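Fold and geometry: a report
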Amino acid sequence: LFIGMSFFFSGGVAEGGSLTKVFKEVNPAVVTILATGHGYSKTRPGEKVVSKGLGSGFVVGKNGLVMTAAHVVQVADTVVVEFLNGKKIGARVQGSVALADVALLQLDKVPSGLVSAPLGDSDKVSVGDEVFVIGAPYGVSHTLTVGHMSGRRKPEGRSSQLLPIELLQTDAAINSGNSGGPMFNTKGEVIGIVSHILSKSGGFEGLGFAVSMNTANALLMQEKSFWTGLEFIFLSGPLAKALNVPQEAGLLVQRVADKSLGYFMLLEPSKIPVKIGRDEFFIGGDIILDVGGARVSTDVEDMRRIRRTIMNVPPGRRIKAKVLRGGKILELFTAK
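A few words now on the packing of aromatic side chains. Per the counting criterion, the structure on display carries 2 aromatic pairs. Look at Phe132 and Phe184: their rings are 5.0 Å apart centre to centre, the planes differ by 20 degrees, and that puts the pair in the stacked class. Pair noted here: Phe132 is in strand 7 (residues 130-135) and Phe184 is in strand 10 (residues 182-184), with a separation of 52 residues, a long-range link. Overall, Phe184 belongs to the buried group, its relative accessible area being 0%. Considering the side-chain rings of Tyr263 and Phe264, the 5.1 Å spacing of their centres and the 85 degrees angle between planes classify their relative orientation as edge-to-face. With a relative accessible area of 45%, Phe264 lands in the partly exposed category. The ring of Phe333 is capped by Arg318, whose NZ or CZ atom sits 4.4 Å from the centre of that ring.

This paragraph deals with the environment of Glu25. Its location among the elements puts Glu25 in helix 3 (residues 19-26). For Glu25, a relative accessible area of 46% gives the class partly exposed. Sequence separation of Glu25 and Thr215 is 190 residues, and the distance between their C-alpha atoms is 25 Å.

Taken in spatial order, the 6 strands line up as 1-2-3-6-5-4 and close into a barrel, and their pairing is antiparallel. Averaged over all adjacent pairs, the angle separating strand axes in this sheet is 40 degrees, with direction ignored.

On to the pairing of strand 3 (residues 65-68), then. Burial of strand 3 is two-sided: the residues Leu65 and Met67 facing one way and the residues Val66 and Thr68 facing the other way are all buried. Where strand 2 (residues 48-60) and strand 3 come together, 4 bridges link them in antiparallel fashion. Paired with Val59 across the bridge in strand 3 is Val66. With antiparallel pairing between neighbouring strands as the criterion, strand 2 and strand 3 make up a hairpin whose turn holds 4 residues, including Gly61 at a positive phi of roughly 80 degrees. Relative to strand 6 (residues 102-107), strand 3 is paired through 4 bridges, and the arrangement is antiparallel. If you follow Met67 over to strand 6, its bridge partner there is Leu104.

Put simply, the largest pocket is a space of about 850 Å³. Along the walls of the largest pocket sit 34 residues, with Leu99, Phe232, Leu251, Met303 and Arg307 positioned nearest its centre. Within the residue set of the lining of the largest pocket, elements represented by two or more residues are strand 5 (88-97), helix 5 (158-162), strand 13 (230-236), helix 8 (261-264), strand 17 (287-291), helix 9 (300-312) and strand 19 (318-325). Of the residues forming the lining of the largest pocket, the biggest block, 7 residues, is contributed by helix 9. Looking at side-chain class alone, the lining of the largest pocket contains 23 nonpolar, 5 polar and 6 charged residues. Quantified by volume, the second largest pocket comes out at close to 480 Å³. Lining the second largest pocket are 24 residues, with Arg92, Val93, Gln94, Trp227 and Lys259 positioned closest to its centre. Breaking the lining of the second largest pocket down by element, the ones donating at least two residues are strand 4 (78-82), strand 5, helix 8 and helix 9. A total of 4 residues in the lining of the second largest pocket trace back to one element, the largest contributor, which is strand 5.

Here we come to unusual backbone geometry. Despite not being glycine, Tyr138 shows a phi value in the positive range, around 55 degrees. With respect to the helices and strands, the residue Tyr138 is situated in the loop between strand 7 and strand 8 (143-153). Judged by relative accessible area, Tyr138 falls into the exposed class, the value being 58%.

As a further point, take the environment of Arg305. Following the sequence through the fold, Arg305 ends up in helix 9. Between the C-alpha atom of Arg305 and that of Leu84, which follows or precedes it by 221 residues, the distance is 41 Å.

Quick notes on the rules
- Residues numbered from 1 in each chain as written.
- Predicted model: local features only at pLDDT ≥ 70, side-chain atom pairs only at ≥ 80, totals over all residues.
- Heavy atoms only, no water.
- Phe/Tyr/Trp six-rings, centres within 6.5 Å; stacked < 30°, edge-to-face > 60°.
- Helix = DSSP H or I, 4+ residues; strand = E, 2+ residues; numbered from the N terminus.
- Buried < 20%, exposed > 50% of the residue type's maximum accessible area, 1.4 Å probe, protein only.
- Lys NZ or Arg CZ within 6 Å of the ring centre and 35° of its normal.
- Pairing = 2+ DSSP bridges.
- Axes fitted to C-alpha atoms, helices over the stretch in contact; angles between N-to-C directions.
- 1 Å grid on protein atoms, 1.4 Å probe; cavity = no way out; pocket = protein on both sides within 12 Å on 5 of 7 lines; lining within 4 Å.
- Points joined across faces, edges and corners; volume = space filled by probe spheres on them.
- Nonpolar A, V, L, I, M, F, W, Y, C, P; charged D, E, K, R; others polar.

As structure tokens, this is what we get:
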């Protein structure tokens, strides 16, 4: 941290002002996210448990929009946003893209004197540029950490095939509770949303990642954002066959948030904990086979079609899904 700060003061901060000045300007726009949800016990099958999540976020604009990480709020029944002055305001999830780990909240009430964070162009950030992060690591809110942008990365696996996602790698310290917080350039512009770390110890080891601001803008502000409120496991191959999925792939529902699209569709979450190799998850719930006529499959284009189908359904119009429940195929409907 000390080395990072010495570079910070000797380099790019000259254009944006001192670190202290920039921090004071943007800090009021940073918030702490308190999320509460429900699920089932991993040790006592069928027993409901309450889960509490902690993350960070930042205000976007004057109309009460807040950006954060999707994994903080994706299956939250209630979300509360806490400001620098200690005031707490409820919020609802307006849009979430779980694969990209970005989400957009709408405050229930817009407070007076709301401060928003200026958004930067993440394409203009280069490896070696100084950056800083503000968030609530382990609940210690409005903590500042400083570092550099270490690289640009594309996520591995299905997410990179389905969506144009870019990650910004940083050595600025990131820990549990930082998720969803802003990563700033030296001018105090948000260039990324903190997502996750790579660690063997469980703590920060110099490899942190933030979703680029341009990715978040494209998925949350430029597209029609929506929130399914679902956590699921993608089933294919031997596992799909073992669970009697009548097609090549399906989505096994793990958790469903209250008042979400999945909730109003009456989707049933899984309740029976299992462990296969190193993977722990739940079985026994609905397996989604089809959404709006678009079948779940291993074909990337089919999965894109499902996303477009949900996105393009007008508000108030019904969405139909086919699910496998208890060995029978059912059709479920809900209004978006």
